[in-house]
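Here is what each chain is made of, one letter per residue.
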Amino acid sequence: MKTSIATVSLSGDLREKLAAIAAASFDGVEIFENDFLAFDGTPAEVGAMIRDHGLEITLFQPFRDFEGLPEPQRSRAFDRAERKFDLMQELGTDLMLVCSNVSPAALGGIDRAAADFHELGERAAKRGLRVGYEALAWGRHINDHRDAWEIVRRANHPNIGLILDSFHTLARGIDVETIRAIPGDRIFIVQLADAPRMEMDLLQWSRHYRNMPGQGELPITDFMRAVAATGYNGPLSLEIFNDQFRGGSPKTIAIDGKRSLLNLMDEVRRAEPALAIDVPAMPDRVQVEGVEFVEFAANEEEAAELGMLLSSMGFSPQARHRSKDVVLWRQGGAEGGINIVINTEREGFAHSSYLVHGTNAYALGIRVEDAQATVARARALGAEPFEQKHRPGELAIPAIRGVGGGVIYFIDSRSELARVWEIEFEALPERATKSAGLVAVDHVAQTMNYEEMLTWVLFYTSIFRTEKLPMVDVVDPGGLVRSQVIESEDGALRLTLNGAENRKTLAGHFIAESFGSSIQHLAFRSEDIVATAAVLRKLGFKPLEISPNYYDDLEARFGLESSLLEKLKVFNILYDRDEAGEYFQLYSTNYGEGFFFEIVERRAGYRGYGAANAPFRIAAQKRAIRPLGMPKR
Ligand SMILES: O=C(O)c1ccc(O)c(O)c1
Ligand SMILES: [Mg+2]
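Because the structure is a prediction, the values reported are computed rather than measured.

Definitions and limits used
- Residues numbered from 1 in each chain as written.
- Chains lettered and ligands numbered in written order.
- Predicted model: local features only at pLDDT ≥ 70, side-chain atom pairs only at ≥ 80, totals over all residues.
- Heavy atoms only, no water.
- Helix = DSSP H or I, 4+ residues; strand = E, 2+ residues; numbered from the N terminus.
- Rg over C-alpha atoms; globule rule 2.2 N^0.38 Å.
- Contact = heavy atoms within 4.5 Å.
- Donors = N, O, S within 2.8 Å, 3.2 Å for Na, K, Ca; no water.
- Tetrahedral: all angles 85-135°; square planar, octahedral: opposite > 155°, others 65-115°.
- Buried < 20%, exposed > 50% of the residue type's maximum accessible area, 1.4 Å probe, protein only.
- Pairing = 2+ DSSP bridges.
- Near = heavy atom within 4 Å.
- Polar contact = N/O pair within 3.5 Å; in protein donor to acceptor, adjacent residues only side chain to side chain.
- Areas by Shrake-Rupley, 256 points an atom, 1.4 Å probe, with all protein chains shown as cover.
- Nonpolar A, V, L, I, M, F, W, Y, C, P; charged D, E, K, R; others polar.

Novice: Explain the overall build of the protein chain residue by residue, including any values.
Specialist: For the protein chain, the helix and strand inventory stands at 21 helices and 25 strands. For the protein chain, the C-alpha radius of gyration of 28 Å lies close to 26 Å, the compact-globule estimate for 633 residues. With the C-alpha coordinates aligned to their principal axes, the bounding extent of the protein chain is approximately 90 × 60 × 50 Å. Across the protein chain, every contact between residues at least 6 apart in sequence was considered, and the portion connecting residues at least 24 apart equals 73%.

Take a look at the structure:
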């Protein structure tokens, strides 16, 4: 598989873009003409710079408004083409993209366009160059790859071929199966881009909202399966016009791009076993079995406070690490229940994390079938491995880096990892602690800057067998927060990614105060939230107080029985309902700079996360913390 990316996809000047593209180990690059024009080096220097990075120029583009013109514009278009051919030869590339004409002067007519391309093919052939034709979704006469292909076919010239761009085909909803009939060797390059579904003008949608395959909602795997079936084996080139990427980190975006191509082709290979797909071997997407533990980094004082909060939720310290200042808190559940690890070591990664972020949930332990295979897949997709020196008697737990530089550990039941709690920990004397009926981690909420969300969406969905739900807007009194759910079908892994656009939101405040993205809340599941709430009250748990107005509205919206409504109100429980079932939520007050716990009960297959309640919960949390902008103490 030859991978390529258009310079237009990244921010920075040409030098920065090329460095990022090379660092992400792409094979080639599409030179977007404006990136060249804005650069102050000669074409030969640019060509040399690209080759010095070990990259090849897969395409020079775009050449606009060429086909179907009347004279004298027609002759001028050929003259323009000759000038660009000169430039291509100096740069050292043999393929030019002509996108379909959008000019009102264009006359239309398939044979007229084919004749123009035949002549262009003759001129290109004299110089050993090739030209590919791409249908823009908003082309004046040609806006469908089927028509572009018909023109290329009738042009009947070996130096004229077709260029497919997933965006233009999928945005118009054109049946991708029509691609299968095109001979693969007549396709000169394939451009790939995904996008969120939006009701808007095609040009605006294309120029501002494209994203990497797998980050959007277009059926890009179906598109690529059809392309693969043609026998095409040329470069797969990302061409992503995205306002956010233009201002983002070129390094990160390039890495995301490479990940998106590897993941896409891995998926295509699995879906089309009869085709020879050249993509590095990697284990399949990983089925998550559950959250095995969450680990906090803290100092002793804050660990004691956290312990008090955990105690008030029915947790108790049950084991101590054999050689480290690490304590395992646990509650409930025949299948292991919930494990919370508090790490107060004065050295190592957890300590570094504490020094940077303060007390924080820096690590997530995920239960999978095969921990080594999970890391193998993650690494094949460019994830950063995490390794830390371990002492004799400690397990080397396979791990990778996650959101905000945190760690994701993997535990499986096929190796000694299954016995990690026995091997590394010794039991503490039993304490008569009352369980509050919390049985599992329901979901983990990670807060990040809005710009990071697509990176982590792709990270999680490419490594794990998970899907993303449509993004929802959550209104915070200080601004909008975007919330994106990533979940496995059976709910064994549920993540909510919350993207903050400014610091006035609770999420934005959390990022600013804890110096980066991280887990902001953990939701535990109860099978009877009213019973849980009653125990919590006895244990001294302080719930987040919800406005009485909320309960008046609940009654109006759902017509709940007054006895239930009364219980919800007494215990500050929030309520939601979907087609399947009901949802109950109870929140802790904030711990530290905006971290909190949630307790939920899902009844009868409720699938959501209570998004409708989020604004009221956030408003209550904001009432409960110090006024924003005020000094800490
Ligand atoms: O938006 C454009 O004009 C444009 C140009 C070249 C392309 O390959 C493309 O897909 C879009
Ligand atoms: Mg294109």
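Read on for the rest.
Novice: So, the coordination of the magnesium ion (ligand 2): which residues are in play, and what are the values?
Specialist: Bound to the magnesium ion (ligand 2) are the protein donor atoms Glu134 (OE), Asp165 (OD), Gln191 (OE1) and Glu239 (OE), situated 2.0 to 2.2 Å from the metal. Here the magnesium ion (ligand 2) is ringed by six donor atoms whose angles at the metal span 77 to 175°, and the overall shape comes out octahedral. When the donors of the magnesium ion (ligand 2) are listed by position in the chain, the intervening gaps give E-x30-D-x25-Q-x47-E. Of the two residues, Glu134 is situated in strand β5 (residues 130-134) and Glu239 in the loop between β8 (236-238) and α10 (243-246); the sequence distance between them amounts to 105 residues. In this pair, the class of Glu134 matches that of Glu239, namely buried.

Novice: Lay out the pairing of strand β19 (residues 472-476) with the relevant residues and their values.
Specialist: Looking along a regular strand, one sees the side chains alternate between the two faces of the sheet. Of the strand pairs in this sheet, β19 and strand β20 (residues 479-487) are connected by five bridges, and their pairing is antiparallel. Within β20, the position partnered with Val472 by the bridge is Ser483. Between β19 and the antiparallel strand that follows it, β20, lie two residues.

Novice: Now, about the pairing of strand β7 (residues 187-192): what can you tell me, with residues and values included?
Specialist: With six of six residues buried, β7 lies mostly within the body of the structure. Looking at chain direction, strand β6 (residues 160-165) and β7 are connected through four bridges and run parallel. Following the sheet pairing, Leu164 is matched in β7 by Val190. Inspection of the sheet shows β7 paired to β8 by three bridges, in the parallel sense. The residue of β8 that forms the bridge with Leu192 is Leu238.

Novice: Describe the site of ligand 1, with residues and values.
Specialist: Near ligand 1, the surroundings consist of 14 residues, among which Arg64, Glu134, His168, Arg207 and Glu239 are the closest. Here an oxygen atom of ligand 1 and a side-chain polar atom of His168 are 2.7 Å apart. Protein burial of ligand 1: of its 290 Å² of free accessible surface, 100% is covered by the chains. For the shell around ligand 1, the residue count by class is five nonpolar, three polar and six charged.

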